[in-house]
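# Per-entry structural report
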Amino acid sequence: MGVIERYKEFLPVTEKTPVISIEEGDTPLIKADPIAEIVGPGYNVWLKYEGLNPTGSFKDRGMTMAVSKAVEEGSGAVACASTGNTSASAAAYAVRAKIKCIVVIPEGAIALGKLAQALIHGACVIAVKGNFDEALKVVIELTDKYPVTLVNSINPYRIEGQKTGSFEICDKLGFVPDYHVLPVGNAGNITAYWKGYKEYKGAGKIDSLPKMLGFQAAGSAPIVDGHPIEDPKTIATAIKIGNPASWKQAEEARDESEGLIDKVTDDEILEAYKFLAGKVGVFAEPASAAGVAGVFKKAREGFFPPGDKGKKPKNIVCVLTGHGLKDPDRAIKCLESPPVVDANLEAVVEAAGI
Ligand SMILES: *Cc1c(COP(=O)(O)O)cnc(C)c1O
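Here we summarise the structure given alongside this text. (Residues numbered from 1 in each chain as written. Predicted model: local features only at pLDDT ≥ 70, side-chain atom pairs only at ≥ 80, totals over all residues. Heavy atoms only, no water.)

## Some remarks on the environment of alanine 331
Relative to the helices and strands, alanine 331 resides in helix α14 (residues 328–333). Under the relative-accessibility criterion, alanine 331 is labelled buried at 17%. With 231 residues separating them along the chain, alanine 331 and lysine 100 place their C-alpha atoms 33 Å apart. In contact with alanine 331, other than residues within four places in its own chain, are Tyr273 and Phe283. (Helix = DSSP H or I, 4+ residues; strand = E, 2+ residues; numbered from the N terminus. Buried < 20%, exposed > 50% of the residue type's maximum accessible area, 1.4 Å probe, protein only. Contact = heavy atoms within 4.5 Å.)

## Quick notes on the environment of tryptophan 46
For tryptophan 46, the position within the fold is in strand β2 (residues 43–49). Along the primary structure tryptophan 46 and isoleucine 110 are separated by 64 residues, whereas in three dimensions their C-alpha atoms are 28 Å apart. Of note is the side chain of tryptophan 46, whose polar atom sits 2.8 Å from the side chain of asparagine 315. (Polar contact = N/O pair within 3.5 Å; in protein donor to acceptor, adjacent residues only side chain to side chain.)

## Considerations on the nonpolar core
Residues Ile35, Leu47, Leu276, Val292, Phe304 and Ile316 are the most contacted members of the largest nonpolar core, which totals 42 residues. Counting residues per element, the ones that place at least two in this core are α2 (33–39), β2, β7 (179–183), β8 (211–217), β9 (260–264), α12 (266–280), α13 (286–300) and β10 (314–320). The residues touching leucine 47, leaving out its near neighbours within four places in the chain, are Pro28, Leu29, Ile30, Ala32, Ile35, Leu276, Val280, Val282, Val292, Cys318 and Leu320. Membership of the second largest hydrophobic core comes to 30 residues, among which are Phe10, Leu173, Tyr193 and Tyr197. (Core = buried A, V, L, I, M, F, W, Y, C linked by side-chain atoms within 4.5 Å.)

## Re the site of the ligand
Surrounding the ligand, one finds 16 residues, the nearest of these being Lys59, Asn85, Asn186, Asn189 and Thr321. Between asparagine 186 and the ligand, the recorded distance is 2.8 Å, taken from a backbone N or O atom to an oxygen atom. Within the backbone of glycine 188, a nitrogen or oxygen atom sits 3.1 Å from an oxygen atom of the ligand. With the chains in place, 97% of the 380 Å² that the ligand exposes on its own is no longer accessible. (Near = heavy atom within 4 Å. Areas by Shrake-Rupley, 256 points an atom, 1.4 Å probe, with all protein chains shown as cover.)

## Considerations on the sheet that holds β8
Taken together, 6 strands build an open sheet; the order of strands is β1-β2-β10-β7-β8-β9 and the sheet is mixed. One side of each edge strand has no neighbouring strand; the edge strands of this open sheet are β1 (29–31) and β9. Each strand axis lies, on average, 25° off the axis of its neighbour in the sheet, ignoring direction. Inspection of the sheet shows β1 paired to β2 by 3 bridges, in the antiparallel sense. What sits directly across from lysine 31, in β2, is tryptophan 46. (Pairing = 2+ DSSP bridges. Axes fitted to C-alpha atoms, helices over the stretch in contact; angles between N-to-C directions.)

## Some details on the sheet that holds strand β4 (residues 100–106)
In spatial order, the strands read β5-β4-β3-β6; together these 4 strands make up an open sheet with parallel pairing. Two strands close off the open sheet at either side, each with one partner strand: β5 (124–128) and β6 (149–150). Note that strand β3 (residues 77–81) and β4 share 5 bridges and pair parallel. Note on β4: the bridge partner recorded for alanine 77 is lysine 100.

## Section: the environment of proline 306
As for its placement among the helices and strands, proline 306 is situated in the loop between α13 and β10. Take proline 306: its relative accessible area is 71%, and that puts it in the exposed class. A sequence separation of 263 residues divides proline 306 from tyrosine 43, and the C-alpha atoms of the two residues are 8.5 Å apart.

## Focus: the pattern of salt bridges
Tallied over the full model, the rule gives 23 salt bridges. Two residues, glutamate 285 and lysine 114, come together in a salt bridge whose shortest N-O distance is 2.7 Å. Of this pair, glutamate 285 sits in the loop between α12 and α13 while lysine 114 sits in helix α5 (residues 112–120); the two residues are 171 residues apart in sequence, bridging distant segments of the chain. Accessibility expressed as a relative area gives 2% for glutamate 285, which makes it buried. (Salt bridge = Lys/Arg side-chain N within 4 Å of Asp/Glu carboxyl O.)

## Things to note about the pairing of β5
The pairing of β4 with β5 spans 5 bridges and is parallel. Each bridged residue has a counterpart across the sheet, and for isoleucine 102 the counterpart in β5 is cysteine 124. The parallel pair β4 and β5 is bridged by α5, and the resulting crossover is right-handed. (Right-handed = clockwise from strand over helix to strand, strands pointing away.)

## Here we look at unusual backbone geometry
One non-glycine residue, lysine 98, lies in positive phi territory at about 60°. Note that lysine 98 resides in the loop between α4 (85–97) and β4. Of note in this structure, alanine 187 is not a glycine but carries a positive phi near 75°. As for its position among the elements, alanine 187 is in the loop between β7 and α9 (188–202). For alanine 187, a relative accessible area of 3% translates into the label buried.

## Quick notes on a nonpolar patch on the surface
On the surface, Leu345, Val349 and Ile354 cluster together to form a nonpolar patch covering roughly 350 Å² of accessible area. As for its placement among the helices and strands, isoleucine 354 is situated in the segment after α15 (345–352). You can call isoleucine 354 exposed: its relative accessible area is 83%. (Patch = residues over 30% accessible without salt bridge, like charges linked within 9 Å, V, L, I, M, F, W, Y side chains within 5 Å.)

Okay, here's the thing in structure tokens:
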């Protein structure tokens with residue numbers, strides 16, 4: 001069952017809405033003790049592994065809603081600008097809906113796995129000589145002038161679908177986390193999670209709210225720096241966005257929850273990326289690691305108050321937004337290549353250091 005069927009009472013759907021689903025959601029919440037040890041005693045850390053959605057990122061939660069509503073409204077085509085994962089998701093859901101999908105990407109700035117997905121799902125992929133923000137501008141114009149539905153996160157149905165991530169976290173834990181950590185790019189997801197928590201509280205399903213901790217990449221941190229970034233730079237391509245569409249909503253989530261939005265350097269992102277894979281056993285793409293890098297940074301700064309002995313531990317949930325296999329080049333680039341030896345036992349034993 002996908003997220004629409006599971007959470008329809010919280011979503012703007014009716015009996016008439018055609019549910020276009022690839023069984024998204026219900027992703028694992030993985031306990032990550034090696035991270036908790038760094039945060040300090042009295043803390044549990046959980047990873048919401050969104051890389052295990054059908055197209056490998058959280059974008060599927062929003063796309064099932066956006067495409068279902070597009071079909072309900074009689075649309076024959078969807079379009080998006082994308083740093084990669086939105087296009088992969090839109091392309092797959094358009095296949096399920098039997099409608100056309102147009103994807104506009106910044107030339108040369110998309111991770112290999114994501115481009116492969118959009119292409120193999122048969123989307124019409126167009127690369128523009130510009131960055132994400134410029135690609136989005138073109139797509140907004142296109143969908144204004146032509147009968148094509150915009151499925152970027154400015155489409156309110158995307159936010160509606162994505163808020164189901166909060167429901168799942170509360171349902172699985174049986175309580176509300178103290179801190180909710182995630183990377184921030186176009187800021188749709190922080191908006192969605194905060195909306196989800198507030199609605200679950202409004203419905204009496206939970207009785208408190210988490211502090212929202214969002215992290216941008218240092219070279220691409222408009223919300224932290226307080227102004228749009230002309231030419232954003234970061235290896236975390238999924239959050240390489242200089243002028244977030246949901247800027248205001250992200251600030252509201254931060255302020256209402258008494259949380260924060262901070263930035264982490266590419267080196268810090270890569271350190272967390274390698275830590276997740278090498279110490280926790282979970283492979284997430286670099287943008288996803290920005291949240292965990294943020295937890296490490298805040299732990300170093302003494303942000304998390306020490307837990308009380310004998311009291312219930314505090315809980316931090318980090319959303320790992322996309323799968324590591326999306327961007328295999330990055331993993332290869334930041335590690336040493338394997339040694340090449342002769343094909344005999346002696347040579348392999350020696351190289352393995354047994
Ligand atoms: C889209 C995306 C983000 C950023 O989410 P926003 O809603 O744009 O803030 C982060 N990580 C991954 C892997 C993504 O695909």
